[in-house]
Amino acid sequence: TTGIPGSTARRNTSQQVGYARFTVNFNDPNVANGNTKQWLPAGALIIGTDVQVVTPFHAATTNVLSVGLGASNANVVAGGAAAPGAVALTQNIAPTGAALGPLAADSQLNVTYTQTGAAATAGQAIVVVKFIPNNDL
């Protein structure tokens, strides 16, 4: 996808679960404020998100990874739902808030990594947002 709303949002034409998969690095541009990764289509139902930490994020005090619809939200993966400080797989994180129901419009997935203490020099995770598109149209 190109990151432009509309026809670039992911769509399946058959009865399948879709997904948006993206990598998050500790040093991605603007990751502290919300880095746009992909788009989900209007009407989609998010059914869970998996976070695979490949390389631990290791800021000195705290490491928080969140994913949301919009730059300041954490309604797809709330901070603390996944543990970015260790190699791990956290599966089927349930959405909250506006990410619970059918999406009202094409929606950006944004990831945020916040840290405190001495800055991290490593960290990578793979995020997979699973969704069912509205193909009842």
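See the structure above.
In this report, we go over the structure that sits alongside the text. (Residues numbered from 1 in each chain as written. Predicted model: local features only at pLDDT ≥ 70, side-chain atom pairs only at ≥ 80, totals over all residues. Heavy atoms only, no water.)

### Quick look at the pattern of salt bridges
Then, number 1: A full pass over the atoms with the stated rule returns two salt bridges.
Then, number 2: Where aspartate 50 meets lysine 130, a salt bridge forms, and the shortest distance between an N and an O atom there is 3.1 Å. Of this pair, aspartate 50 sits in strand E3 (residues 45-55) while lysine 130 is found in strand E7 (residues 124-132), placing the two residues 80 residues apart along the sequence. There is no split in this pair, since aspartate 50 and lysine 130 are both buried. (Salt bridge = Lys/Arg side-chain N within 4 Å of Asp/Glu carboxyl O. Helix = DSSP H or I, 4+ residues; strand = E, 2+ residues; numbered from the N terminus. Buried < 20%, exposed > 50% of the residue type's maximum accessible area, 1.4 Å probe, protein only.)

### Describing the nonpolar core
Then, number 1: Judged by nonpolar contacts, the single largest core of 28 residues is most densely connected at Phe22, Leu40, Val51, Val67, Val76, Leu109 and Val129.
Then, number 2: Those elements that provide at least two residues to this core are strand E1 (18-25), E3, strand E4 (62-69), strand E6 (107-116) and E7.
Then, number 3: With four residues, E7 is the largest single contributor of residues to this core. (Core = buried A, V, L, I, M, F, W, Y, C linked by side-chain atoms within 4.5 Å.)

### Quick word on the sheet that holds E4
Then, number 1: Sheet architecture is open: three strands sit in the order E2-E6-E4, paired in antiparallel fashion. The open sheet has two edge strands, strand E2 (35-40) and E4, and neither has a second partner. Looking at each pair of strands side by side, their axes are set apart by 20° on average, direction ignored. (Pairing = 2+ DSSP bridges. Axes fitted to C-alpha atoms, helices over the stretch in contact; angles between N-to-C directions.)

### Section: the environment of glycine 97
Then, number 1: Within the element layout of this structure, glycine 97 appears in the loop between strand E5 (88-93) and E6.
Then, number 2: Classification of glycine 97 as exposed rests on a relative accessible area of 51%.

### Topic: unusual backbone geometry
Then, number 1: Phi angles above zero are rare outside glycine, and asparagine 30 is one such case at about 60°.
Then, number 2: Structurally, asparagine 30 can be placed in the loop between E1 and E2.
Then, number 3: Despite not being glycine, asparagine 92 has its phi angle at roughly 55°, a positive value.
Then, number 4: Of note, asparagine 92 is situated in strand E5.
Then, number 5: Exposure remark for asparagine 92: the relative accessible area of 51% places this residue in the exposed category.

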